[in-house]
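Close look at the chain arrangement
Residue strings, one per chain:
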Amino acid sequence: MQNELPPEDRAVNVRGAFRATATAAGQRIMLVDDVTTTGATLDACRQSLMAAGAASVYAAVVARADRGGSREGEDGRRHE
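Keep in mind that this is a model prediction, so the values were computed, not measured. (Residues numbered from 1 in each chain as written. Predicted model: local features only at pLDDT ≥ 70, side-chain atom pairs only at ≥ 80, totals over all residues. Heavy atoms only, no water.)

Below, the discussion takes up the side chain of Ser48. Topologically, Ser48 is positioned in helix α2 (residues 40–51). Exposure remark for Ser48: the relative accessible area of 13% places this residue in the buried category. Those residues within four positions of Ser48 in sequence are excluded, and the remaining contacts are Phe18, Arg19 and Ala20. (Helix = DSSP H or I, 4+ residues; strand = E, 2+ residues; numbered from the N terminus. Buried < 20%, exposed > 50% of the residue type's maximum accessible area, 1.4 Å probe, protein only. Contact = heavy atoms within 4.5 Å.)

What follows is the structure in C-alpha cells.
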C-alpha cells in the first residue's frame, strides 16, 4: 500500500497509475483526498488530467499526515 512506502518511493509507485480520458479536456477539476502525506498520489492524478487536456486541477485535502517522526503503533511496529 502507498501509505506503507517510504516518502521517496511514493512518487515512483504511482507514476503512470492513473489515466484520464478526453472528457477531462478543457475542464476545471477538483480532486478530493481524505489524507495526504507526500502529495505523490494527488500529483500523479494531476499530471494525468493535465496530459488529457484539463484546463486546471485543484486539490482539497481534509488532513495532512504528520511525518515528523517515528512512533510505535498498537501493533508494536514502528511507524513513521
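A few words now on the side chain of Ser56. In this fold, Ser56 is placed in strand β2 (residues 56–64). In contact with Ser56, not counting residues within four places along its chain, are Gln27, Arg28, Ile29 and Met50.

Looking at chain direction, strand β1 (residues 28–36) and β2 are connected through eight bridges and run parallel. Looking at the pairing, Met30 lines up with Tyr58 of β2. (Pairing = 2+ DSSP bridges.)

In terms of nonpolar packing, the biggest core is built from nine residues, these being Ala24, Ile29, Leu31, Leu42, Cys45, Leu49, Ala52, Ala54 and Val57. Secondary structure elements with two or more residues in this core: β1 and α2. With three residues, the single largest contributor to this core is α2. Not counting residues up to four positions away in its chain, the partners in contact with Leu31 are Leu42, Cys45, Arg46, Leu49, Val57, Tyr58, Ala59 and Ala60. (Core = buried A, V, L, I, M, F, W, Y, C linked by side-chain atoms within 4.5 Å.)

On to the pattern of salt bridges. Side chains that differ in sign of charge can pair as their charged atoms come close. Applying the stated criterion across every chain yields a total of one salt bridge. Residue Asp43 is joined to Arg46 by a salt bridge in which the shortest nitrogen-to-oxygen separation is 2.7 Å. Of the two residues, Asp43 and Arg46 are both situated in helix α2; the distance of three residues between them amounts to about one turn of the helix. Classification of Arg46 by relative accessible area gives partly exposed; the value is 33%. (Salt bridge = Lys/Arg side-chain N within 4 Å of Asp/Glu carboxyl O.)

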